[in-house]
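Read off the chains here:
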Amino acid sequence: MTDYLSLAEDIAREAGEMLLAKRPTMSRQVETKSSPTDVVTALDTASEQLIRERVRAARPGDRFLGEEGGEAPGESEVRWIVDPIDGTVNFLYGLPDWAVSIAVEVKGEVVAGVVNVPARGEVYTAALGRGAWLGGGRLRCNTGVPLAQALVATGFGYFAGRREVQGEVVAKVLPRVRDIRRGGSCAVDLCSLAAGRVDAYYERGINPWDYAAAGLIAVEAGARLGGLHGRPVGPSYALCAAPGLFEELHDLLAPLDPERDA
Ligand code: IPD
């Protein structure tokens, strides 16, 4: 497991350095994907290509799932789940909260995760059962926070219809919590939760590459991660918070959105 983690960390650091170096000149080379608000820069593609090449060179038989290039099949029981830039809109605008996210899954379970936030100089890591770390410091999420005093991070999808529902849900959550944050990167949001910078996170419609690494980091920092009604995180909801707050948030969200597209 340590080998997976150190390889993932080396590759995430290399991709982060490349992105920091090239961002000033290349970040404006943009195309749109699933909707006019869903953008991909030339550097998302370059970062994923670098990561794919490094993984293939070190572990040729492993499978790979990347946000930009999709699935690469393989014989191995190991799969790398990669978001080459999570928070692409932040990256495009020169905001610091974007990340290179690399998770290693073995037989369907994430065992190692790295989230490199290059513009902040922060590298978050976790290994299954061995804790979550920011540099040399062990991470612990906030505990004992009631919903009414919780700082809650969330995010929005790229489809207008989904955003309408997300807007309705936010309008109901906001009066019940300390405040809401929309940071712009699911991976950074979950790492912020692990570091105690927010108390809770929820979002509807995130993908495995957004949360695979950071979800392990949050869980290893003591948080609970799951969907609504006991389901795992899936195409509908992701909720994350310390036990107690998780249940309070769940009970607030469950009646607001009966998973219309689940
Ligand atoms: C997005 C970010 C954002 C979240 C979106 C994701 P991307 O990922 O994580 O915070 O709200 O749902 O799609 O597109 O920047 O890789």
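Read on for a plain summary of the structure. None of these values were measured; they are calculated from a predicted model.

Parameters at a glance
Residues numbered from 1 in each chain as written. Predicted model: local features only at pLDDT ≥ 70, side-chain atom pairs only at ≥ 80, totals over all residues. Heavy atoms only, no water. Pairing = 2+ DSSP bridges. Helix = DSSP H or I, 4+ residues; strand = E, 2+ residues; numbered from the N terminus. Axes fitted to C-alpha atoms, helices over the stretch in contact; angles between N-to-C directions. Near = heavy atom within 4 Å. Polar contact = N/O pair within 3.5 Å; in protein donor to acceptor, adjacent residues only side chain to side chain. Areas by Shrake-Rupley, 256 points an atom, 1.4 Å probe, with all protein chains shown as cover. Nonpolar A, V, L, I, M, F, W, Y, C, P; charged D, E, K, R; others polar. Domains from an automatic or database assignment. Salt bridge = Lys/Arg side-chain N within 4 Å of Asp/Glu carboxyl O. Buried < 20%, exposed > 50% of the residue type's maximum accessible area, 1.4 Å probe, protein only.

## Comments concerning the sheet that holds strand S11 (residues 151–154)
Now for step 1: Taken together, the 5 strands give an open sheet; going across it, the order is S12-S11-S13-S15-S14, and neighbouring strands pair in mixed fashion. Single-partner strands in this sheet number two, and they are strand S12 (179–181) and strand S14 (224–226). When the angles between neighbouring strand axes are averaged without regard to direction, this sheet yields 15°.
Now for step 2: Pairing analysis gives 3 bridges linking S11 to strand S13 (residues 200–204), with the strands arranged parallel. Paired with Ala 153 across the two strands is Tyr 201, which belongs to S13.

## Observations concerning the site of the ligand
Now for step 1: Surrounding the ligand, one finds 16 residues, the nearest of these being Asp 86, Gly 87, Tyr 158, Cys 186 and Glu 203.
Now for step 2: Within the backbone of Gly 184, a nitrogen or oxygen atom sits 3.2 Å from an oxygen atom of the ligand.
Now for step 3: In the environment of the ligand, an oxygen atom lies 3.4 Å from a nitrogen or oxygen atom belonging to the side chain of Asp 210.
Now for step 4: For the ligand, whose free accessible area comes to 380 Å², the fraction covered by protein is 96%.
Now for step 5: Ranked by the residues each element gives to the shell around the ligand, the list is headed by strand S5 (residues 78–86), at 3 residues.
Now for step 6: Counted by class, the shell around the ligand contains 5 nonpolar, 5 polar and 6 charged residues.
Now for step 7: Residue-level mapping places the shell around the ligand at the junction of two domains, with at least three residues from each of domain 1 (2–138) and domain 2 (147–253).

## So, the pattern of salt bridges
A side chain of one charge can pair with a side chain of the opposite charge if their charged atoms are brought near each other.
Now for step 1: In total, this model carries 10 salt bridges according to the counting rule given.
Now for step 2: The shortest N-O distance in the salt bridge between Glu 105 and Arg 79 comes to 3.0 Å. With a gap of 26 residues between them, Glu 105 in strand S6 (residues 99–106) and Arg 79 in strand S5 connect regions that are remote in the sequence. Neither residue differs from the other here; Glu 105 and Arg 79 are each classed as buried.
Now for step 3: Asp 97 is the partner of Arg 120 in a salt bridge, and the nearest nitrogen-oxygen pair spans 2.5 Å. One end of the pair, Arg 120, is in the loop between strand S7 (109–117) and strand S8 (122–127); the other, Asp 97, is in the loop between helix H3 (88–93) and S6, with 23 residues separating them in the sequence.
Now for step 4: Judged by relative accessible area, which is 43%, Arg 120 ranks as partly exposed.
Now for step 5: If you follow the salt bridges from partner to partner, you end up with Glu 71, Arg 79 and Glu 105 in one network.

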